[in-house]
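An overview of the molecular structure
Residues per chain, in single letters:
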Amino acid sequence: PSHDTDATIFTSNGGSGGFLAYITPAGAVKIDQFGGSVILTGSANDVPLNTWCHVAYVRSSTSSNDTKVYVNGVLKATGTDATNWTASSSPQIGMLTTNTNYAFIGYMSNLRLTKGGALYTSTFTPSTTPLTTSVSAGTVSLLTCQSNRFVDNSSNNFTITPTGKTSVVPFSPFNPTSASIVTGK
């Protein structure tokens, strides 16, 4: 993403009581609670420009409240969070509608949300193939940013509504040799 502004990866909803996972202008990964506190912050240059990075935000359980973020399989930040998140409005990918300064400008691939178990609890090797709904812990609630259109590939089959200048391009970390733009709807 561009590091000119904060770049939203995902937000649980657009109002208080939700969370925002994003990349700061310095390239640090960060999670904030709306109307609350910072949950965790990584270091500058965790996410370098012009490079595909695998970013994983993990909350290991409701009992430990242990929250971690990994970049390319390496632990970058830890924190605690006792909130049991529920989306009271539509989750958002790549944009925070309450503040357009948080737009993600760049490419995003294979966004997967799981519920009920931590997939990563220590250093790991990121997948070299597209993500699937088959996971070692929990269930996949959302799997998107991996098709030739805006679609949820999880069993929930949520409707995804693109806004702004969002488009689908045939460019991914698994085949990063071309980036011709295809308008997505």
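Okay, so let's go over this structure. Keep in mind it's a predicted model, so treat the numbers as computed, not measured. (Residues numbered from 1 in each chain as written. Predicted model: local features only at pLDDT ≥ 70, side-chain atom pairs only at ≥ 80, totals over all residues. Heavy atoms only, no water.)

**Describing the side chain of T11**
Within the secondary structure, T11 is located in strand β1 (residues 7-11). At a separation of 2.8 Å, a polar atom in the side chain of T11 contacts the main-chain carbonyl oxygen of F19. Excluding anything up to four places from it in sequence, T11 contacts F19, L20, F34, P91, Q92, M95 and L96. (Helix = DSSP H or I, 4+ residues; strand = E, 2+ residues; numbered from the N terminus. Polar contact = N/O pair within 3.5 Å; in protein donor to acceptor, adjacent residues only side chain to side chain. Contact = heavy atoms within 4.5 Å.)

**Observations concerning the sheet that holds strand β4 (residues 38-41)**
Pairing within the open sheet is antiparallel, and its five strands lie in the order β4-β3-β2-β1-β8. Pairing within the sheet leaves two strands with one partner each, and these edge strands are β4 and β8 (92-93). Note that β1 and strand β2 (residues 19-23) share four bridges and pair antiparallel. What sits directly across from T8, in β2, is Y22. (Pairing = 2+ DSSP bridges.)

**Quick word on the environment of S141**
Considering the arrangement of structural elements, one finds S141 in strand β10 (residues 139-144). Take S141: its relative accessible area is 21%, and that puts it in the partly exposed class. Taking the C-alpha atoms as reference, S141 lies 5.5 Å from L113; in sequence the two are 28 residues apart. Contact partners of S141, with chain neighbours within four places excluded, come to L113, T114, K115, D152, S154, N156 and F158. (Buried < 20%, exposed > 50% of the residue type's maximum accessible area, 1.4 Å probe, protein only.)

**Considering the pairing of strand β6 (residues 66-71)**
Looking along a regular strand, one sees side chains alternate from face to face of the sheet. For β6, the tally of buried residues reaches five of six residues, placing the bulk of the element in the interior. Alignment of β6 against strand β7 (residues 74-80), held across six bridges, turns out to be antiparallel. Within the sheet, the bridge partner assigned to T67 lies in β7 and is G79. Count of turn residues in the β6/β7 antiparallel hairpin: two residues, of which N72 carries a positive phi of about 55°.

**Topic: the environment of T133**
Assignment of secondary structure puts T133 in the loop between β9 (111-115) and β10. Spatially, the C-alpha atom of T133 lies 7.9 Å from that of N153, the residues being 20 residues apart in sequence. With residues up to four places along the chain from it excluded, the contact list for T133 reads V140, L143, N153 and S154.

**Side note on the sheet that holds β7**
Within the open sheet, the three strands sit side by side as β5-β6-β7. Their pairing is antiparallel. On the outer flanks of this sheet lie β5 (55-59) and β7, each paired with one strand and no other. Sheet twist, expressed as the mean angle between neighbouring strand axes with direction ignored, is 15°. Note that β5 and β6 share five bridges and pair antiparallel. By the bridge assignment for β6, V58 is matched with K68. (Axes fitted to C-alpha atoms, helices over the stretch in contact; angles between N-to-C directions.)

**Section: the pattern of salt bridges**
This structure, assessed with the given rule, holds two salt bridges. Between D46 and K76 there is a salt bridge, with the nearest N and O atoms lying 4.0 Å from each other. Of the two residues, D46 is situated in the loop between β4 and β5 and K76 in strand β7; the sequence distance between them amounts to 30 residues. What makes K76 partly exposed here is its relative accessible area of 33%. (Salt bridge = Lys/Arg side-chain N within 4 Å of Asp/Glu carboxyl O.)

**Some thoughts on the packing of aromatic side chains**
All told, the structure shown has four aromatic pairs when counted by the stated rule. Residues F10 and F19 carry aromatic rings whose centres are separated by 6.1 Å and whose planes lie at 45° to one another, so their mutual orientation is tilted. For the pair F10 and F19, one class covers both residues: buried. Taking 6.3 Å as the distance between ring centres and 40° as the angle between the ring planes, the aromatic pair formed by W52 and Y107 counts as tilted. With a gap of 55 residues between them, W52 in the loop between β4 and β5 and Y107 in the loop between β8 and β9 connect regions that are remote in the sequence. By relative accessible area, Y107 is classed as partly exposed at 41%. Chaining the aromatic ring pairs together yields one cluster made of Y70, Y120 and F124. (Phe/Tyr/Trp six-rings, centres within 6.5 Å; stacked < 30°, edge-to-face > 60°.)

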